[in-house]
Amino acid sequence: MASLINAVRSILGDPLWIIKLGVFAAVLVVLYDNNLNFPNGNPQLLPAFAVIYLLMLGSAVVTMHRNINNKIPLLPGMFSILDIIIKAIGGFIVILPAALLYYAAIVYIQQNIVFEPFIMAVIYIVVTAIFIPFIMVPLVLYSVKGNIFDAFRIKNIIDASGNFIVQFLSFILQFALIVCTFTYLIYVTLLEMLGDHISLLILKCIVIVISFFVFLIFCSDLYEDIIPAIKEKPKKKLKHH
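Sequence order as written defines residue numbering, which begins from 1 separately in each chain. With pLDDT at 70 or above as the cut-off, local features in this predicted model cover only qualifying residues; side-chain atom pairs require 80 or more to be listed or tallied, and sums for whole chains, interfaces and linings still use all residues. No hydrogens and no water enter the side-chain calculation; it runs on all heavy atoms of the structure.

K.L.:
Sorry, what's going on with helix 4 (residues 81-112) here?
P.N.:
Helical geometry: 3.6 residues make up each α-helical turn, so side chains three or four residues apart lie on a common side. Numbering goes from the N terminus for both helices and strands, where a helix is a DSSP run of H or I of at least four residues and a strand is a run of E of at least two. The span you would expect from a helix comes to 1.5 Å times its residue count less one. For helix 4, spanning 32 residues, the distance from its first C-alpha to its last is 43 Å, which sits close to the expected 46 Å at 1.5 Å a residue. One axis is fitted to the seven residues ending at the residue and one to the seven starting there. The bend at that residue is the angle between these axes. Of all the bends in helix 4, the greatest reaches close to 45° and is centred on Leu96; the proline Pro97 follows between one and four positions later. Among the residues of helix 4, those classed as buried are Ile84, Lys87, Ala88, Gly90, Gly91, Val94, Ile95, Ala98, Ile106 and Ile109. Next to the buried residues of helix 4 lie helix 3 (46-68) and helix 5 (117-145). Here's how the labels work: a residue is buried when its accessible area is under 20% of the maximum for its type, exposed when over 50%, partly exposed in between, all with a 1.4 Å probe on protein chains only. Contact definition: two residues touch when any of their heavy atoms are within 4.5 Å.

In structure tokens:
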């Protein structure tokens, strides 16, 4: 059964998870630290941010593939860099169409709808829930075999979408109760002990990386549960004359 806790356990099952995820967190710390020192952010760092997040996506897709197919180790290492790059490109292509539509919807809401912050937050959650199956289900389908065409199996996506929304909202609730609460307690403790210290930035980057991988592993756990398995078309037998 897919859950946030099971996704975390999957990560902890990799003996080198601290090193593998720590590399991404360390790079993000450096980038965000330099970005903060520039008024309104440093535009020169945008390519670096794009590269690291693409590599995180590729690494996560490899992880999802291994999770679905019960392969170990779960998280890819440095020797899988070529596979990570290929999966990063494929994963980006797969999520791009729905992600662009989602971005357009968010921009439209920001420019045309004004309510109290709580109501706006609810609107954003609802819109995200509507679009998320069309972003994440194709990514899961792609991760099964690394075949881009599998990602656009419309019937599989439509069949999964309703239940995926329910599971997504369940994940958000678990995330808010567990991760957000735990992170807030650590944040307040560090703030009281050290003040505005780089440790807060380190905490932020660790949470970003772990949350990213936990969510995508959670999504991959839904394969063959609420996301229909990819069925191969039966090969036609050659007729012998």
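That was the structure; now back to the text.
K.L.:
It is not clear to me how the side chain of Ser59 should be interpreted in this structure. Could you clarify?
P.N.:
As for its position among the elements, Ser59 is in helix 3. Overall, the relative accessible area of 3% leaves Ser59 in the buried class. Apart from residues no more than four positions distant in its own chain, Ser59 is found in contact with Phe24, Pro76, Ile84 and Phe213.

K.L.:
Explain the packing of helix 5 against helix 7 (residues 198-221) to me, please; I cannot follow it from the model alone.
P.N.:
Two quantities define a packed helix pair, namely the angle between the helix axes and the distance between the axes. Between N-to-C directions, angles cover 0 to 180 degrees, with each direction set by a line fitted to C-alpha atoms, over the stretch in contact for helices. Their axes nearest at 9 Å, the elements helix 5 and helix 7 cross at an angle of 75°. One element, helix 5, and the other, helix 7, form an angle in the roughly perpendicular class. Along the contact surface, helix 5 presents Ile132, Met136, Leu139 and Val140, while helix 7 presents Phe215, Leu216, Cys219 and Ser220. In the scheme used here, Gly and all other residues not listed as nonpolar or charged are polar, with Ala, Val, Leu, Ile, Met, Phe, Trp, Tyr, Cys and Pro taken as nonpolar and Asp, Glu, Lys and Arg as charged. Residues that form the contact of helix 5 with helix 7 fall into these classes: 7 nonpolar, 1 polar and no charged. Working definition: roughly parallel below 35 degrees, roughly antiparallel above 145 degrees, roughly perpendicular at 65 to 115 degrees, and oblique for all remaining angles.

K.L.:
Would you take a moment to explain the packing of helix 1 (residues 4-12) against helix 7 for this structure?
P.N.:
Remark: helix 1 packs on helix 7, axes separated minimally by 8 Å, with the N-to-C direction vectors making an angle of 110°. Judged by the inter-axis angle, helix 1 sits roughly perpendicular to helix 7. Of helix 7, the residues touching helix 1 (which contributes Leu4, Ala7, Val8, Ser10 and Ile11) are Phe213, Val214, Ile217, Phe218 and Asp221. When grouped by side-chain class, the residues that make up the contact of helix 1 with helix 7 number 8 nonpolar, 1 polar and 1 charged.

K.L.:
What am I meant to see in the state of the cysteines here?
P.N.:
Throughout this description, disulfide means a covalent bond between two cysteine sulfur atoms. By convention in this document, the label disulfide applies to cysteine sulfur atom pairs within 2.5 Å. With the rule as written, the count across this model stands at 0 disulfides. Distance from the sulfur of Cys219, which forms no disulfide, to the nearest cysteine sulfur (Cys180) is 16 Å. According to the relative accessible area criterion, Cys219 is buried, its value standing at 0%.

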